[in-house]
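The residues making up each chain are set out below.
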Amino acid sequence: MKYSELPSVITSLFASGASSSAVTDIPDTQASSGDGRVSWELGYPPETMIARSAGGVPPYGQDANGIGKKLSQYIQALQAGNIPKWTQDFANAIGGYPSGALAADPSTVGVFWVSTADDNTTQPGANGASWQNLFTGYVKKSGDTSTGTQYSSGWFWGGYNAGWGGSTTSGGLRWTVCGVAFGNPGGDASPKYAGNFCVSDVLNDGGANDSGINMRGYDSTGALYNWFFAWNGKVTTPGGVLAFESDLLAYFSAASNSSNTTLTNLQGCNWSSSATNSYVQVTGGGISLAVPTVAYTSKQVSDEATLRKEADAALQNQINTKIECSDGNKLIAFQISSVSYVEGGTYIEFPDDGFSDVPVSVVSTTNADADMDTMTFNWSKSGFYINIPSQTNSQGHPVSIMAVGPA
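Residues numbered from 1 in each chain as written. Predicted model: local features only at pLDDT ≥ 70, side-chain atom pairs only at ≥ 80, totals over all residues. Heavy atoms only, no water.

A. Structural detail: unusual backbone geometry. With a phi close to 50°, Asp119 is a non-glycine residue in the positive phi region. Structurally, Asp119 can be placed in the loop between β2 (112–115) and β3 (131–133). Relative accessible area serves as the criterion here: at 60%, Asp119 is assigned to the exposed category. Here Asn378, not a glycine, exhibits a phi torsion of approximately 50°, which is positive. Here Asn378 is to be found in the loop between β18 (375–377) and β19 (383–387). Using a relative accessible area of 55% as the deciding quantity, one classes Asn378 as exposed. (Helix = DSSP H or I, 4+ residues; strand = E, 2+ residues; numbered from the N terminus. Buried < 20%, exposed > 50% of the residue type's maximum accessible area, 1.4 Å probe, protein only.)

B. Broad picture of the pairing of strand β15 (residues 329–336). β15 sits mainly inside the fold: six of its eight residues count as buried. In the sheet, β15 pairs with strand β20 (residues 399–406) via eight bridges, with the strands oriented antiparallel. Each bridged residue has a counterpart across the sheet, and for Ala333 the counterpart in β20 is Met402. (Pairing = 2+ DSSP bridges.)

C. A look at the confidence of the model for the chain. Across the chain, pLDDT averages 81, with 78% of residues at or above 70. Here residues 253–273 scores under 50 on pLDDT; set against residues more than four positions off or in separate chains, the count is 32 contacts. Counting interchain partners and residues more than four positions distant, the pLDDT-below-50 stretch residues 319–323 has eleven contacts. (pLDDT = per-residue confidence, 0-100. Contact = heavy atoms within 4.5 Å.)

D. Geometry of the side chain of Ser39. Structurally, the position occupied by Ser39 is in the segment before α1 (61–79). A polar contact is formed between the side chain of Ser39 and the backbone nitrogen of Leu42, at a distance of 3.1 Å. The residues contacting Ser39, other than those within four sequence positions of it, are Ile26, Pro27, Asp28, Thr29 and Gln30. (Polar contact = N/O pair within 3.5 Å; in protein donor to acceptor, adjacent residues only side chain to side chain.)

E. Highlighting the side chain of Asp105. Looking at the element boundaries, Asp105 is found in the loop between β1 (102–104) and β2. In this structure the side chain of Asp105 is engaged in a polar contact, spanning 3.0 Å, whose partner is the backbone nitrogen of Ser107. Among the polar contacts listed, one links the side chain of Asp105 to the side chain of Trp113, at a separation of 2.8 Å. In this structure, Asp105 is in contact with Lys85, Val111 and Trp113, ignoring residues within four places of it in sequence.

F. Broad picture of the nonpolar core. Within the largest apolar cluster, 14 residues are counted, with the highest numbers of intra-cluster contacts made by Phe334, Ile336, Phe350, Phe384, Ile386 and Ile401. Only β15, β19 and β20 provide two or more residues apiece to this core. Membership of the second largest hydrophobic core comes to eight residues, among which are Trp86, Ala91, Tyr97 and Ala129. (Core = buried A, V, L, I, M, F, W, Y, C linked by side-chain atoms within 4.5 Å.)

G. Up close: α1. For α1, which comprises 19 residues, the first-to-last C-alpha distance of 27 Å matches the rise-based estimate of 27 Å (1.5 Å per residue) to within 8%. The set of residues buried in α1 consists of Asp63, Gly66, Ile67, Gly68 and Ser72. Downstream of α1 by one or two residues, Gly81 has phi in the positive range, about 90°. (Expected span 1.5 Å × (residues − 1).)

H. Here's a closer look at a nonpolar patch on the surface. Side chains of Trp164, Val180, Phe182, Phe197, Val199, Ile213, Phe229 and Trp231 sit close together on the surface and give an oily, nonpolar patch of about 730 Å² of accessible area. Mapped by element, the contributors of at least two residues to the nonpolar patch are β6 (180–183) and β7 (194–202). Take Phe182: it is sitting in strand β6. (Patch = residues over 30% accessible without salt bridge, like charges linked within 9 Å, V, L, I, M, F, W, Y side chains within 5 Å. Areas by Shrake-Rupley, 256 points an atom, 1.4 Å probe, with all protein chains shown as cover. Salt bridge = Lys/Arg side-chain N within 4 Å of Asp/Glu carboxyl O.)

Rendered as structure tokens:
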């Protein structure tokens, strides 16, 4: 069948020009049995099918007009694009909608449902109902969402012809009002965890660092951060303008007396191969400095570790070897590099874990003009307090300690 073979639409209803008395509103069932009147249940009843001489009743022309008018009303409604609304009474009357049947939502205009089961008497939109929205899998122009991977054979347009926001003064920043937006899972009026792409431009200055593609992002507090990918090739982040290799080459110059060629990719930048004096000379832009290389830095770290070991060994040498004594005692002798006056005394710990109990003697001596101006007190198995008078030649001189106590 061809489209051109379709019948023309009904523009005038059947019997639309007849008087009301000439058109019957056909009931579902016959009102009075045997009266010859038409109903949707019986159609033309049996009494209209027999001769009047045998007790028959002739059909009524009003009923014929009523049938034609009702049928033409529904045909015209379908031709006008109408899809009947779902009703529970109709569903019950026909034993349920068949699978694939289409029904309009009973309360919301523009919402349509497709039955997913035969004998379907459930209500569309109800929990567990055997209906599916006609537009499932489609995205509306506004207010709807999509899931899954989206494909397009052409451009995705975002904010097309949407206009500009921002300054209209020469030198001011402007940007496209509707770029491509993403994020904002909470749907906050003040966006959070969101971002967008747009075109920005400093009016009358296309070479500015802010003229180009602008990526904007909002953190969890709603604070805005901007990245600019400028027409002039610069990239600006919230931390500042990024430097490219081409930006840095002008700041390097060759160091003298170099035989190393491993940095030739830096256009003549040379360095001393000696680990004790290894650097790259950086000049230009009002600066001149020697940047230590990895070799030099590594040597400094190594030297520092050696010095620490030597200092630890020297400290250990200040502690004299303990001397074992008779009667279960031992002697610990060591030297304190210096002692100064401190009110209340200075606490000193015994080396080698001290004694097993309170020592029997702790003697201190100093070589400051052969003075004996130090004193010890409050002995314990772990240490003791030492002090000197505030006015004495012993200030700041080494003090020797000899202590005897339980091993």
